[in-house]
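Here is what each chain is made of, one letter per residue.
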Amino acid sequence: MAEVFSRFIRIHVPESLDCDQSGKNPQLEIRITADGEIPFPQVVLHAQGQQHLIKDQMIERSGETADGEVTYVASIPSGLVGPGDIDVQVEGCRKADIRHAGGEDWIKAHRQMRVRPSGEHAAPGKAAKPKPNPVPRAALRPGTYSAEPKVYFGIHKHMHQPYYKATDRNYWDGEKEEIFGSRGGPYTEFIPAAVRQYIDGGLPHAGLSTSWSGSLIEQLNRCARDGLCGGRFSHWTDQLRGIAGEKTGLGNPRVDFAAFGFFHPLMALTPGRNIVKQIALHREIVRESFGVEASNVLFPPETAFHVRMIPALNQAGIRAVIYDSIHRFRACRDYPYAGMNEGMLPPNPADQRNPPASDWLQLHNIWAGSKIAPSLLRPEYVQYEDPTGEVHKIIAVPAERYIGNEDARGGFGALQYPDVLGQVYDQIVATESYDPKHPPFFVLHSDGDNHGGGAESYYKHNTGALVDWIRRDPRFDLTTIQDYLKLFPPDRDKGVHLESGSWSGADNGDPQFMKWFSRYNEPYSPDLNSWAVLTALQNAVHTLEDSAADNTRLGEVSRLMLTAETSCYWYWTGQTEWDAQVTNAANVGHGMIKGDIDQLLASGNDKTGPTIFPPWIIPENPGGKKWGQGCLEDAPRQGIVHSFIYDVSGLKRVSLVLRTSTGEKTISMTDNGPYPSQTGPLVTSHFFTSELPVGAGEVAYFIEAEDTKGNLSRSSLERVFLA
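In this numbering scheme, every chain counts its residues from 1 along its sequence in written order. Local features in a predicted model are, by the rule used here, given only for residues with pLDDT of at least 70; side-chain atom pairs are given and counted only at 80 or more, and totals for whole chains, interfaces and linings are based on all residues. Side-chain metrics in this entry use all non-hydrogen atoms of the structure; hydrogen atoms and water are not considered.

Enquirer: So what about the pattern of salt bridges? Which residues, and what values?
Expert: What counts as a salt bridge is simple: a side-chain nitrogen of Lys or Arg found within 4 Å of a carboxyl oxygen of Asp or Glu. Under the criterion given, the structure shown has 34 salt bridges. Note that Asp 435 and Arg 378 form a salt bridge whose closest N and O atoms lie 3.7 Å from each other. Residue Asp 435 is found in the loop between helix H9 (417–430) and strand S17 (441–447), and its partner Arg 378 is found in the loop between helix H7 (326–329) and strand S15 (380–385); the two are separated by 57 residues along the sequence. Among the ionic pairs, Arg 475 bridges to Asp 473, the shortest N-O distance being 2.8 Å. Put simply, DSSP H or I for four residues or longer makes a helix, DSSP E for two residues or longer makes a strand, and each gets a number counted from the N terminus.

Enquirer: Can you lay out the environment of Lys 108 for me, pointing to particular residues and giving the numbers?
Expert: With respect to the helices and strands, the residue Lys 108 is situated in strand S9 (residues 106–116). Between the C-alpha atom of Lys 108 and that of Lys 247, which follows or precedes it by 139 residues, the distance is 33 Å. With sequence-adjacent residues up to four places away left out, Lys 108 is seen in contact with Phe 8, Gln 89, Val 90, Glu 91, Gly 410, Gly 411, Phe 412, Gly 413 and Ala 414. Counting of polar contacts relies on pairs of N or O atoms within 3.5 Å, with two restrictions inside protein: one atom must be capable of donating a hydrogen and the other of accepting it, and residues adjacent in sequence are counted only when both atoms are side-chain atoms. Only 3.2 Å separates the side chain of Lys 108 from the backbone oxygen of Gly 410, close enough to count as a polar contact. Contacts are residue-level and defined by heavy atoms, with any inter-residue pair within 4.5 Å sufficient.

Enquirer: Go over empty space enclosed by the protein, please, and point to the residues and values.
Expert: A cavity here means a set of 1 Å grid points, computed over protein atoms only, where a 1.4 Å probe fits but cannot escape. A pocket is an open set with protein on both sides within 12 Å along at least 5 of 7 lines, and lining residues have an atom within 4 Å of a point. Grid points are joined across faces, edges and corners, and a volume is the space filled by probe spheres set on the points. All chains considered together, the criterion is met by three cavities of 30 Å³ or more. Considering the residues around the largest cavity, the lining is formed by Gln 89, Lys 108, His 110, Gly 410, Phe 412, Ser 457, His 461 and Asn 462. Elements with a contribution of two residues or more to the lining of the largest cavity: S9 and helix H10 (456–472). Of the residues forming the lining of the largest cavity, the biggest block, three residues, is contributed by H10.

Enquirer: Quick one: what's the story with the sheet that holds strand S7 (residues 70–76), residue by residue and with numbers?
Expert: One open sheet holds the four strands; their spatial order is S1-S3-S7-S6, and the pairing between them is antiparallel. Edge positions in the sheet fall to strand S1 (8–12) and strand S6 (59–64), since each has one partner strand and no second. The mean inter-strand angle of the sheet, taken between neighbouring strand axes irrespective of direction, is 20°. As judged from the five bridges shared by S6 and S7, these two strands associate in the antiparallel manner. Paired with Glu 60 across the two strands is Val 73, which belongs to S7. For two strands to pair, DSSP has to find at least two bridges joining them. Between the N-to-C directions of two axes lies an angle of 0 to 180 degrees, each axis being a line fitted to C-alpha atoms and, for a helix, fitted only over the stretch in contact.

In structure tokens:
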């Protein structure tokens, strides 16, 4: 048995052939020889704005040589493509189960083939007739609606590198040199190269949004200043600055530098005032680096969203937020839960507050663990009610989970755009769910510097094929978020609910954010330890900020706090270096302000209430289902609320306020003392818990905490169903 292949050795494709009597290609063969076994060979023909996939029984293994070369023969049936130039994409996945394959597991090669019209042969020395180009599309105008169904979609590329040592922004080693050096294209010229093709292709609304963390930008600036990575980044912003001035047909940026949190915080678990600060700092560095203003559309790190973020986002000037589409689907009543294959527990009934959908669709030819509802793939206002009863709203823009995930593996080949997006289009037509004033729109979201979606082939060849397809297929249009919102603004009076959660890359992005609560059910969790330590640091910094203390080092400590919020420090649980990052930053910070805190306490000038970490419930769905060993099990009906709480002046009382259909009830929470740590923090938070009433149905709740100086704080208002 040959080894798994690493490269193609020979690919034999006819240079040209004549159409048969039907006016399309005759039957032909393509021979592929690789240096080993190809677990999943396939051929894609790109022609006339469509793609034709050849795989499975249409490709046969025809032989193996003594030195391990393996040959395959792809049988191309007649009648697939008409006359013209055909791009032949040959590829193989190095993993037999493509659901678990990343972009790096696909190896691709391209060849050209010409299909000549029947009876038309170029005379010797005479060039063949050029292929006619489609007419560039005209720009749409707001208030003009078409009854003809159309699916709009956008693209988002995310760029980030954390500080690998939270306490030392100048830390650099061979690993970082390699990591940054291997991403020269994505961080300099790939995005401009893609967008130039949109412009040259005559697509008036096409562009993309892109999120760049402040920590990445700062480190690239250092590379430029110090000549790191062989000087690769000496003028890294030049092409990005150049493309930043290009506009769509509606005058919006072709490249929209999305609002973001400077240090890549998991905003759903970050205090609102710090969300505002992270976004403000990010705006400054985008302006300085790219010469444009950051967008009023936010890409939250990890696409992690919770409705409790909305008040802070409104305060920060954010108009719209991108979220992962599955959390809209799961927030519908009668959602068709797909079981363990979905990778998440069943939705909590308290989240299923939206009307049922009637157009559920199981996507084919990509991995899709659950059904989607195309009618819900459009921007809408989502809302959050705080403990006072005030309702806060923001526009939410869906990023389609499964299609975006497939696009992240490398574009055409990994994702057959016409086929998969065509399924969405066909379902909209079949269910008569098309709304001309709010047509379908979703984003294909992925890392822009990792795996297939960050490869040069994605931004260049894939984009060329994408543009060619869009120009020839009137069912679809590539559109920026800003252009779509200007053309088809959502109805503010129709606020819906979104389940919390992130994108699938974070252990399927469950609504409890368990990727950042790893080992929560064990005696010690490095993740919980870091949240406890961070909560205490946040309270100390906020207390000094509110006291207007004259501390020249407070800005430096505030930066340490914001750096410690980097979500990556929770992502790699079990690696000592990462598990200690938050503690290391907090210890340095506390050491710098201890004297000021002592002086503040002595003066009695503490004006800041306790800091309350967003509460979470175990089991996630009391009386519903929980994870078992390779199965779903019945969860206990007894639910327990958990939180970390800290105040520099000490805590006087902590209460859980419950709101049910019968009224409001206050329960004293149990103080379990400081969370036990293995990282040696100077200060950490107390761990509070409280039992919830069994069988109470839907419950709204929040935590209220008072310090010894009478300062009061409330957590966000949460909801849960207690079966």
